[in-house]
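# Residue-level structural notes
What follows is the residue order along each chain.
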Amino acid sequence: MGRKQMVAMLLAGGEGKRLGVLTKDLAKPAVYFGGKYRIIDFTLSNCAHSGIDTVGVLTQYQPLELNRYLGIGSPWGLDRRDGGMAILPPYVKQKGGVWYKGTANAIYQNMGFIDRSDPEYVLVISGDHIYKMDYEKMLAHHKKTGADVTIAGIEVPWKEASRFGVMHVDDEDRITAFEEKPKVPTSNTASMGIYIFSWPVLQRYLIRDEANRLSSNDFGKDILPAMLKDGMNMFVYPFKGYWKDVGTIESLWEANMDLLDDRPLLDLTDPEWRIYSVSPNRPAQYIAPQARIASSIITEGCLIEGEVNRSVIFYGVQAGADSVIRESVVMPNARVGAGAKLYRTIVGDGAVIADGVTIGHPDQSTVTVVGSDEFVANHKTLLEVEPS
Amino acid sequence: MKNRVMGVINLIHEPDELEGLTAGRCPATVPFGGRYRLIDFIMSNMVNSGISRVAVFAHTKFRSLMDHLGSGKHWDLHNRQSDFFILPPTTEDSQDLRRGDLYHMYQNRDYFTRSQQEFVVVARSHVICNIDLEPVIAFHEKQGADITVVCKRQTSFIPGRSRKVEVNRDGRITAMQDHFGRLDSNLLSTEIYVLRRDLLLELVETSLAQGQEHLIRHAVMSRLDKLNVCAYMYEGYLGMINTLESYYYNSMQLLRADVWKELFFHPGPIYTKVKDEPPARYLEGAKVSGSIVANGCIVEGTVVNSVLFRGVHVRKGAVIRNSIVMQNGIVGENSVLDYAVLDKDVVIEHGRDIRGAAGLPFVAAKRKTI
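How each quantity is defined
Residues numbered from 1 in each chain as written. Chains lettered and ligands numbered in written order. Predicted model: local features only at pLDDT ≥ 70, side-chain atom pairs only at ≥ 80, totals over all residues. Heavy atoms only, no water. Pairing = 2+ DSSP bridges. Helix = DSSP H or I, 4+ residues; strand = E, 2+ residues; numbered from the N terminus. Axes fitted to C-alpha atoms, helices over the stretch in contact; angles between N-to-C directions. Salt bridge = Lys/Arg side-chain N within 4 Å of Asp/Glu carboxyl O. Buried < 20%, exposed > 50% of the residue type's maximum accessible area, 1.4 Å probe, protein only. Core = buried A, V, L, I, M, F, W, Y, C linked by side-chain atoms within 4.5 Å. Contact = heavy atoms within 4.5 Å. pLDDT = per-residue confidence, 0-100. Buried area = accessible area lost by both parts, 1.4 Å probe. Polar contact = N/O pair within 3.5 Å; in protein donor to acceptor, adjacent residues only side chain to side chain. Nonpolar A, V, L, I, M, F, W, Y, C, P; charged D, E, K, R; others polar. Left-handed = near helix turned anticlockwise from the far one by under 90°.

### With respect to the sheet that holds strand 24 (residues 336-338) of chain B
All names here are of chain B. Spatial ordering of the open sheet is given by 15-18-21-24-27, a layout of five strands whose pairing is parallel. Each edge of the sheet is formed by a strand with only one pairing partner; in this case those strands are strand 15 (287-289) and strand 27 (353-355). Strand after strand, the sheet turns through a mean of 5° between neighbouring axes, direction not considered. Across three bridges, the pairing between strand 21 (residues 319-321) and strand 24 is parallel. Residue pairing for strand 24: arginine 321 is matched across the bridge by aspartate 338.

### Notes on the pattern of salt bridges
In this structure the tally under the stated criterion is 34 salt bridges over all chains. Linking A:Arg292 and A:Glu307 is a salt bridge whose minimum nitrogen-to-oxygen distance equals 3.8 Å. Of this pair, A:Arg292 sits in strand 17 (residues 292-294) while A:Glu307 is found in strand 20 (residues 307-309), placing the two residues 15 residues apart along the sequence. For A:Arg292, a relative accessible area of 55% gives the class exposed. Here B:Arg217 and B:Asp178 are joined by a salt bridge, their closest N and O atoms 2.7 Å apart. On the criterion of sequence distance, the pair formed by B:Arg217 in helix 7 (residues 215-220) and B:Asp178 in the loop between strand 10 (173-177) and strand 11 (187-196) is long-range, its members being 39 residues apart. Among the ionic contacts, a cluster of salt bridges with common partners joins B:Arg4, B:Glu118, B:Glu141, B:Arg196 and B:Asp198.

### Regarding the nonpolar core
Formed by 71 residues in total, the largest nonpolar core has its most connected members in A:Met133, A:Tyr135 and A:Ile194. Among residues more than four places away in sequence, those in contact with A:Ile194 are A:Leu123, A:Val124, A:Ile125, A:Tyr131, A:Met133, A:Tyr135, A:Met138, A:Thr150, A:Ile151 and A:Ala152. In terms of nonpolar packing, the next biggest core, distinct from the first, is built from 46 residues, A:Val308, A:Ala334, B:Val325 and B:Val346 among them.

### Section: the confidence of the model for chain B
A residue-level look at chain B finds 99% of positions with pLDDT of 70 or above and a mean pLDDT of 94. Overall fold confidence (pTM) sits at 0.91, and the ipTM for the predicted complex is 0.89.

### Here's the deal with the interface of chain B and chain A
Reports of interface size often rely on the accessible area that becomes lost once the parts have come together. If you look at the interface, chain B gives 37 residues, while chain A gives 37 residues. Between chain B and chain A, roughly 2900 Å² of surface is buried when both sides are summed, and carbon and sulfur atoms account for 52% of that area. Between chain B and chain A we count two salt bridges in total. We note a salt bridge from B:Arg35 to A:Glu300, for which the minimum N-O separation is 3.2 Å. At the surface where chain B touches chain A, the tally comes to 22 residue pairs in polar contact (both at pLDDT 80 or more). If one sorts the elements of the side of chain B that touches chain A by residue count, helix 9 (residues 257-265) of chain B sits on top with five residues. Counted by class, the side of chain B that touches chain A contains 21 nonpolar, seven polar and nine charged residues. The pairing of strand 18 (residues 296-298) of chain A with strand 14 (residues 280-282) of chain B spans three bridges and is antiparallel. In the sheet register, A:Ile297 faces strand 14 of chain B, and the bridge partner there is B:Arg281.

### So, the pairing of strand 8 (residues 147-153) of chain B
Residues and elements named next belong to chain B. Counting buried positions over the seven residues of strand 8 gives six, a clear majority of the element. Taken together, the five bridges between strand 8 and strand 12 (residues 229-233) define a ladder with parallel strand orientation. Considered in strand 12, the bridge of valine 150 is made with tyrosine 232.

### Brief notes about the packing of helix 1 (residues 40-49) of chain A against helix 2 (residues 63-70) of chain A
Residues and elements named next belong to chain A. At a minimum axis separation of 13 Å, helix 1 and helix 2 run at an interaxial angle of 35°. As for how helix 1 packs across helix 2, the hand of that crossing is right-handed. Here Ile40, Asp41 and Leu44 of helix 1 lie close against helix 2, whose contacting residues are Leu66, Tyr69 and Leu70. Classifying every residue of the contact of helix 1 with helix 2 by side-chain character gives five nonpolar, no polar and one charged.

Next comes the structure, spelled out in structure tokens:
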């Protein structure tokens, strides 16, 4: 195999506990988003558009559906003669095997995969963020600054800064300090969890970190602080644009609602930066004569006979006569019965809402979740979540 | 089915009164139903029936055909266990292009002799239906037929040009006439024929040697007394899309939920070349009813009783009624469309008022700006 300039390692083992019933049988990167996508489509499409053709996808939790979805990577142009996509689960070795102990350990266990391509740089990304980014530009920045590691950073509102790992930088974008979820933030440059390492440097630190029994083998907690302590060249790559960690029910709901603005910050229609996904084969959506649709996105294969307002409707959804769907996200192949009403509800794929059932209330601010394949005849049993 | 039946989609001299819609393409690739091409229906029918060896006999204007079908992978015909061929005409000079399908099949007889399958399904691309062919093969064998013709009893209006068929009490076909004939029968041929591969080869070679040119019109129709030609009754939805009137009529039929459900889902799904279009977006002020809308559309205006293909943009205040807007069309602010068919990439500037008549839709050619 020829030498590659940069190889991407995509961390997709996230359990996504805070997504509740949506990740009961599903790894977080495989959770549905935006009418036809899954979360991981965004990072994979970024790789495709950034000219990266070798991607290792590190899976661990509930990998079945994710693995099946990824296949050999053809929807993202990653079915290649040289390189391409490799799914890298933890595996059993001669002297036993271990789960991935942390993000750094996951890469450590797959150093052999990276070495096959003999790259100069390794891009470490996570499969649970929604954004569009050209990693090639980030690499150019990495080379220009002569960094050992470059971390993509985004300015977040000060009041939200305490939810993130924030970085202190000097005038030349050099990182001077990290703070993990600070109570009183003194910087609002958040780490986006996107790193470019020069491979020999990363390799050295991974080996050192693995030898340290006290380490939690995590990039944010162990590797990066160790590099900072040693005075390595660490720079921020400032990113401007839409970026969202959809780790919670509220943020997943919000990110879906963000798509409904007249000029959404995350533009899915850009022909130069298409988000690739496994496109289902369904006929064009059917909007019945009595249906009313406004401020929504709807995908192929849907049959809509009721009202849809400020909602995201995935493929194959059927909504019966006189149904009302407002400020809701309805995932693939769900059925909303005649006269059923959904307010601020996330409906998992394949779920069925019986005729006449009402979930939520027009004036309420909480988001209600219906799990995959659930049958809802009565809404009282459902989980409600206060938005942050 | 897999190793017993192969499929031939015959595009040689397909009846074509589709006017402007086939100015730059063959009937097989006329866009239909928001995201399909006509040929998707017969391709999907064959694949859903378990046929994995399919050849398309291309004839003229087949650039869009090659682009659309590609390797056949969207119909799952691109794997170790399947075969997919597009066979363009093999001609010495352009005069040979005028020759009938017998000549073109003869030129490609190697394709048939190299096949292993016992039966061949020969079909056209302009026939819209959703049919399981396995029972047709079973019927063919049970009847001991030489040729089985899939037929449809016309109980309601079926526009377009269809061959008429007459059967006796045993279901054997006794007469068959082209669409303009005077045969008084309400039984139509769907142009789906089943016969043994060796019989097909024999008909091709013998008929051609006798000076005949066309497989059905000559080789089959002149031998109704010698061959046991049987009619299989198809009960589902049928569209014969070889005239502009029929194209428009069948497009509008899709706006009935029962037709939409049957034609696209039952008994099998219809496949097409998949594109990475985002979901359709409806902005504030959009009003849509009784319509089908494909992915990638942006709707800011009013759409009633219409078909929008992928990537159509309906701007503010625009009103579209009883119309078909193909891929990437743009309908400008406050423009009105009624009974119109816009081919791909047509741009309607703002404030236009374009109206056809119920039986005579206005057609705008590909890439036109109005």
